[in-house]
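Chain residues, written in single-letter form:
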Amino acid sequence: MSRTSSAQPDPRDTLRSGLPDRYLTTDDIAQMFGVPLETVYQWRRKRTGPPGFRVGKHVRYDPAEVRAYVAQLKNVDRVAA
């Protein structure tokens, strides 16, 4: 008997197709940006990455704020070029 596992959606596809109906996790952010999880933790400590917030002991990210963060990075690169 084989078990069928439902594949987890790729967070990058979720943001491309529209805002997800849930807040993003630290793992989602690491996958989206293709960086190690420790990098996301460093961004948070240094306040240089997308803004997150705590829900109890868990950190969550609002997809709209992540999009705004990416847009800001793109604008900085365009101005610098």
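The following refers to the structure shown.

Cut-offs and rules
- Residues numbered from 1 in each chain as written.
- Predicted model: local features only at pLDDT ≥ 70, side-chain atom pairs only at ≥ 80, totals over all residues.
- Heavy atoms only, no water.
- Core = buried A, V, L, I, M, F, W, Y, C linked by side-chain atoms within 4.5 Å.
- Buried < 20%, exposed > 50% of the residue type's maximum accessible area, 1.4 Å probe, protein only.
- Helix = DSSP H or I, 4+ residues; strand = E, 2+ residues; numbered from the N terminus.
- Contact = heavy atoms within 4.5 Å.
- Pairing = 2+ DSSP bridges.
- Expected span 1.5 Å × (residues − 1).
- Arc of directions from axis to C-beta.

1. What about the nonpolar core?
Soluble globular proteins: nonpolar side chains tend toward being buried together.
(1) Moving on: Formed by L24, I29, A30, M32, V40, W43, V59, Y61 and V66, the largest nonpolar core amounts to 9 residues.
(2) Moving on: For this core, the elements supplying multiple residues, two or more each, are α2 (26–33), α3 (37–46) and β2 (58–61).
(3) Moving on: Looking at this core element by element, the count peaks at 3 residues for α2.
(4) Moving on: Once you skip the residues sitting within four places of it in the chain, Y61 turns out to touch Y23, L24, T25, T26, I29, V40, R44, P50, P51, G52, F53 and V66.

2. Observations regarding the pairing of β2
Looking down a regular strand, the side chains alternate between one sheet face and the other.
(1) Moving on: In β2, alternate side chains face the same way, and those of V59 and Y61 are buried while those of H58 and R60 on the opposite face are not.
(2) Moving on: What sits between the antiparallel neighbours strand β1 (residues 52–55) and β2 is a turn of 2 residues, in which G56 has the positive phi angle 65°.

3. A short note on the environment of D27
(1) Moving on: As for its position among the elements, D27 is in helix α2.
(2) Moving on: Each C-alpha atom of the pair D27 and V40 lies 8.6 Å from the other, and the pair is 13 residues apart in sequence.

4. Re helix α4 (residues 63–80)
(1) Moving on: The first and last C-alpha atoms of α4 sit 26 Å apart over 18 residues, in line with the 26 Å expected at 1.5 Å per residue.
(2) Moving on: Taken residue by residue, α4 has P63, V66 and Y69 as its buried positions. Seen along its axis, α4 keeps its buried residues to an arc of 120°; they face one direction. Set apart from the buried face of α4 by more than 90 degrees, the exposed residues are Q72, R78 and V79.

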